[in-house]
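Descriptive analysis of the structure
For reference, the chains in residue letters:
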Amino acid sequence: MATKVYIVYYSMYGHVAKLAEQIQKGAASVEGVEAKLWQVPETLPEEVLGKLGAPPKRDVPIIAPHELDEADGLIFGFPTRYGMMCAQFKAFFDSTGGLWRTQKLAGKPAGIFFSTGSQGGGQETTALTAITQLAHHGMIFVPIGYTFGAGMFEMEEVKGGSPYGAGTYAGDGTRQPSELELEQAFHQGKYMAGIAKKFKGSA
């Protein structure tokens, strides 16, 4: 039976969505792994999104909290708001109380990826503060560490991401994820899929 890896994200301007797509490709490249993309519900009305200049959402299904339980591994992605996960994703986590009461997510491996506006905008604080959500559910946080190799030490170009997970810088919104950032996202998906597969095999 296939190991299921769910990539669950929120993306307002598409930066996190692009990372999510690469993470899915990376996870799906592992034999015996089924990788699926999900979005969390939007909390802002269309009128507000229009004023913010947000493009239409991608054609990716909206996940319900109980569907998290179906996954063998989870990778959560979100943009940063003041050094923490955005309100839309926090609202989704706040809706998982039923899973918390029954500890349905306990023991599941989980990773994190993110987008910030600037280099000091929370590439690490966003991950660190998000870990509390995983801890209360009993999930096992799986960072990528330095498994991406030389790409982790790149100094000649701007690159998001950290040992906590893949990342990108959006700048004023016009900057898109670089090839190196997309490669790191692919790597995270592949790495996480391997971990989830091991967990399932040893269960």
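The notes below deal with the structure included here. (Residues numbered from 1 in each chain as written. Predicted model: local features only at pLDDT ≥ 70, side-chain atom pairs only at ≥ 80, totals over all residues. Heavy atoms only, no water.)

**Digging into the environment of Leu44**
Applied cut-off: What counts as a helix is a DSSP run of H or I of at least four residues, what counts as a strand is a run of E of at least two, and both are numbered from the N terminus. In what follows, a contact means two residues having at least one pair of non-hydrogen atoms within 4.5 Å.
You can see Leu44 is positioned in the loop between β2 (33-39) and α2 (46-51). Sequence-wise, Leu44 and Gln88 are 44 residues apart; in three dimensions their C-alpha atoms are separated by 8.3 Å. Contacts of Leu44, omitting those with residues within four sequence positions, involve Met12, Leu49, Leu52 and Gln88.

**Some details on the nonpolar core**
Rules: Note on terminology: a nonpolar core comprises buried Ala, Val, Leu, Ile, Met, Phe, Trp, Tyr and Cys residues joined through side-chain atoms within 4.5 Å. For every residue, the accessible area (1.4 Å probe, protein chains only) is compared with the maximum for its type, and the residue is labelled buried under 20%, exposed over 50%, or partly exposed between those bounds.
In terms of nonpolar packing, the biggest core is built from 28 residues, with Val8, Leu68, Leu74, Phe76 and Phe89 touching the most fellow members. Counting only elements with at least two residues in this core, the list comes to β1 (3-9), β3 (73-81), α3 (87-94), β5 (109-116) and α5 (125-137). Grouped together as the second largest cluster of nonpolar side chains are 24 residues, Ile7, Leu37, Phe113 and Ala193 included.

**A short note on the pattern of salt bridges**
The test is simple: Think of a salt bridge as a Lys or Arg side-chain nitrogen and an Asp or Glu carboxyl oxygen that are within 4 Å of each other.
A full pass over the atoms with the stated rule returns seven salt bridges. Salt-bridge contacts for Glu181 lead to Arg175; the nearest nitrogen and oxygen are separated by 3.1 Å. The class of Arg175 is partly exposed, set by a relative accessible area of 24%.

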